[in-house]
Each structure stands twice: as structure tokens, then as C-alpha cells.
Amino acid sequence: MLEFLKKRRGVVLVLGGGSARGLAHIGVLKVLEKEKIPIRRIVGTSMGALIGAAYSVGMPLKKMEEIAHKFNWKTVFDPTLPRIGLLAGKKLAKVVAELTENKSFEQCRIPIAVVTTDIEKNERVVFQKGNLQKVVCASCSWPGIFNPVRIDGRLLVDGGIKNSVPTRIARSMDPGYMVAVDVGFCVKEGKIDNIFQMLLQSFQIMGEELNRYQARISDVMIKVDLGHNIDQVAFNKSREAIAGGEKAAAEKAGQIKRMLSVYNFPSIKMAGQEEWRD
């Protein structure tokens, strides 16, 4: 029993997808850092992979927030001849490189696992090594919108199409105390008259259904309530999304800290400080 408890030391933070709504992850991290809640591992998909990777390499949350406020849809809008994607993904790659500071998996101060989907084989593919920027791009590439990313012979797209909140993957990798973040989806009723709206609505319906059962596996679920005012492309509402993440995390911080104290967790320095230890 003692050995089991020892293995559960540290928080395994699971960050779900959500595109613009996923900016709420920044707010969650701000609260966890403020409350000195230790994170031993991050498992992320889609926007959760991008924010998680930026944090794991040590990017200060203040800088991350500043970048988020400047971000908009045009930042990644680079149309290409539509064969298997409407956008080339080169601008997305630049954003990923900036947020991850072009660092590698090996340079991450917190171990991170990035979830992608092999669209040809209908398989989840989880990376803990390799080209961090390329892997995160794959995890963020909505099928049909962005060109997929080929890695090691696999054609990879958004990890969220199979694992919108990858709690099962996290549990299979690490027995640590799991805190998952679900930013939800924004399914709207109304007329659809273009391909972007069609694809967006499809992703949101799919994600909402996946979240119904995937999010339940965690020890603590931080459910961010962003209502229907912030959809997956509302990057102009980054401040509201981040504030929503802060509010939701603050409501769960006491519960998380109480559970950590039960197991007498050691002091663990947060990302951005000089040293890291389990």
C-alpha cells in the first residue's frame, strides 16, 4: 500500500482540446502555480498539447498570456490547394515554435506526452520523444482544415478526434493523482452555409460526446464553463477564456491540495524554477 501511495506522488495534469476555448488552460496553470500545486507530468491533446508543451519547456505564463492576447485566426490562416487540408499549416508551425521556444522533448522541465491520431489507421499515437514542434503541430491539426503531419510514416491529425480529454491515456502511463481540465465545446443551433462552419460544428458535436465519458476517469475534473459566447475559433476572447480557467481552477484548488496533503507529498519546484524532482 505504501509503495502504491509513493507512486501516486505528484499531479498528472491532463489538458484537453478546444482550440480557442483551450486558452483557458493558461488560467488553470496560473492558479496551480500560484497555489504551488506540484505537477509531475502533463498529458495533452490539441490546444492542451500546445499549452502544455509551452509550460513544460518553461515558458513563463505571463509571456504565454501576452502571446495568446495577440493571437487571432489570421495568425494561422494560410490557404493551400485543398487536397487533404484547406490550410497549409506553416503559420501554425511558427506559432508552435514560438510557444515551445524551439526546444525538444528532452529539454522539457516537466515530462509531457502529446496525443495525436493516425487518420489512416484509426489509432491513437502518443509521443514522449521526437520533434516536439512537429508532434504538437500534428496534435493541433484539425482534419480537413489543416494539412495532416506525416511522422515516421504515419499520417497524423488532431489527437482530440479520439481523445478530447486523454484521461485513459494518462492513467495507463502514470498512476499519479490525476487532475484533468475540460474546457468543453460550443455546439450551436443555426444555419450552416460554408465548409468551415460545417467542419467546426462537426468537431464540436464529436468532442462534446467524447467528453461525456472520457472526463470521468480523473481524480479531479476542472470543468471550465465558457458558455456559448466562446466557440473554437473565438481567439479574440482570450481574456475571457483565461479568466474562465482561473475561476474553475480556483474552485478546485482546495480539494486538490487536501488530497495532496493526505499522501504527504514532498516539495516539488514548479516549471521555470531551477530544479525539478519527483
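Everything below is about the structure shown above.
Note that this is a predicted model, so its numbers are computed, not measured.

**Examining the overall build of the protein chain**
Now for step 1: Check the secondary structure of the protein chain and you find nine helices and ten strands.
Now for step 2: Looking at the protein chain residue by residue over its 278 residues, the buried ones come to 55%.
Now for step 3: As presented, the protein chain carries roughly 13000 Å² of accessible surface, and 51% of it is formed by carbon and sulfur atoms.

**Quick notes on the pairing of strand β2 (residues 39-45)**
Now for step 1: The buried count for β2 comes to seven of seven residues, which makes it a mostly enclosed element.
Now for step 2: Across five bridges, the pairing between strand β1 (residues 11-15) and β2 is parallel. Looking at β2, one finds that leucine 13 is bridged to isoleucine 42.
Now for step 3: A crossover links β1 with its parallel partner β2, the connecting element being helix α2 (residues 24-34), and its sense is right-handed.
Now for step 4: With four bridges joining them, β2 and strand β4 (residues 112-118) adopt parallel strand pairing.

**Looking at helix α6 (residues 132-140)**
Two residues of an α-helix separated by three or four positions point the same way, owing to the 3.6 residues in each turn.
Now for step 1: Most of α6 is tucked away, with eight of its nine residues classed as buried.
Now for step 2: Those residues of α6 that sit buried are Leu132, Gln133, Val135, Val136, Cys137, Ala138, Ser139 and Cys140.
Now for step 3: One side-chain oxygen of the residue at the start of α6 lies 3.1 Å from the amide nitrogen of glutamine 133, identifying that residue as asparagine 131.

**Some points on the pattern of salt bridges**
Note that side chains of opposite charge can pair when their charged atoms are close.
Now for step 1: One pass over the full model with this rule turns up twelve salt bridges.
Now for step 2: The residue lysine 30 makes a salt bridge to glutamate 65 at a minimum N-O spacing of 3.2 Å. Residue lysine 30 is located in helix α2, and its partner glutamate 65 is located in helix α4 (residues 61-70); the two are separated by 35 residues in the primary sequence.
Now for step 3: Exposure remark for lysine 30: the relative accessible area of 25% places this residue in the partly exposed category.
Now for step 4: Overall, glutamate 65 belongs to the buried group, its relative accessible area being 18%.
Now for step 5: Between aspartate 174 and arginine 41 there is a salt bridge, and its shortest N-O distance comes to 2.8 Å. Of this pair, aspartate 174 sits in the loop between α7 (167-173) and β9 (177-182) while arginine 41 sits in strand β2; the two residues are 133 residues apart in sequence, bridging distant segments of the chain.
Now for step 6: The class for arginine 41 is buried, based on a relative accessible area of 17%.
Now for step 7: A network of salt bridges, in which partner residues are shared, links Lys30, Glu65 and Glu246.

**Quick word on the side chain of threonine 45**
Now for step 1: Along the polypeptide, threonine 45 turns up in strand β2.
Now for step 2: On the basis of relative accessible area, threonine 45 is assigned to the buried category, the value being 0%.
Now for step 3: What threonine 45 contacts, discounting residues up to four positions off in sequence, is Leu15, Gly16, Gly17, Val115, Ser139, Asp158, Gly159, Gly160, Asn163, Ser164 and Pro166.

**Quick look at the nonpolar core**
Now for step 1: By size, the foremost hydrophobic cluster in this structure holds 72 residues, and its most contacted members are Leu13, Met64, Ile222, Val224 and Ile256.
Now for step 2: Excluding anything up to four places from it in sequence, valine 224 contacts Ala24, Val28, Val181, Asp182, Val183, Gly244, Gly245 and Ala248.
Now for step 3: With eleven residues, the next largest nonpolar core counts Ala113, Ala170, Met178 and Ala180 among its residues.

**Here we look at the packing of aromatic side chains**
Now for step 1: Considering all chains together, one arrives at one aromatic pair under this definition.
Now for step 2: Centroid distance phenylalanine 71 to phenylalanine 235: 4.6 Å. Interplanar angle 65°. Geometry classified as edge-to-face. In this pair, phenylalanine 71 is assigned in the loop between α4 and β3 (85-87) and phenylalanine 235 in the loop between β10 (220-223) and α9 (238-262), connecting sequence segments 164 residues apart. Considered together, phenylalanine 71 and phenylalanine 235 belong to a single accessibility category, that of buried residues.

**Some thoughts on the environment of proline 38**
Now for step 1: Along the chain, proline 38 falls in the loop between α2 and β2.
Now for step 2: C-alpha of proline 38 to C-alpha of valine 11: the two residues are 27 residues apart in sequence and 6.1 Å apart in space.

**Focus on the environment of aspartate 158**
Now for step 1: With respect to the helices and strands, aspartate 158 occurs in strand β8 (residues 154-158).
Now for step 2: Looking at aspartate 158, the relative accessible area reads 4%, which means it is buried.
Now for step 3: Taking C-alpha positions, aspartate 158 is 4.8 Å from serine 141, a pair spaced 17 residues apart along the chain.
Now for step 4: Setting aside residues no more than four positions away along its own chain, aspartate 158 makes contact with Thr45, Ser46, Thr117, Ala138, Ser139, Cys140, Ser141, Trp142 and Pro143.

Quick notes on the rules
- Residues numbered from 1 in each chain as written.
- Predicted model: local features only at pLDDT ≥ 70, side-chain atom pairs only at ≥ 80, totals over all residues.
- Heavy atoms only, no water.
- Helix = DSSP H or I, 4+ residues; strand = E, 2+ residues; numbered from the N terminus.
- Buried < 20%, exposed > 50% of the residue type's maximum accessible area, 1.4 Å probe, protein only.
- Areas by Shrake-Rupley, 256 points an atom, 1.4 Å probe, with all protein chains shown as cover.
- Pairing = 2+ DSSP bridges.
- Right-handed = clockwise from strand over helix to strand, strands pointing away.
- Polar contact = N/O pair within 3.5 Å; in protein donor to acceptor, adjacent residues only side chain to side chain.
- Salt bridge = Lys/Arg side-chain N within 4 Å of Asp/Glu carboxyl O.
- Contact = heavy atoms within 4.5 Å.
- Core = buried A, V, L, I, M, F, W, Y, C linked by side-chain atoms within 4.5 Å.
- Phe/Tyr/Trp six-rings, centres within 6.5 Å; stacked < 30°, edge-to-face > 60°.

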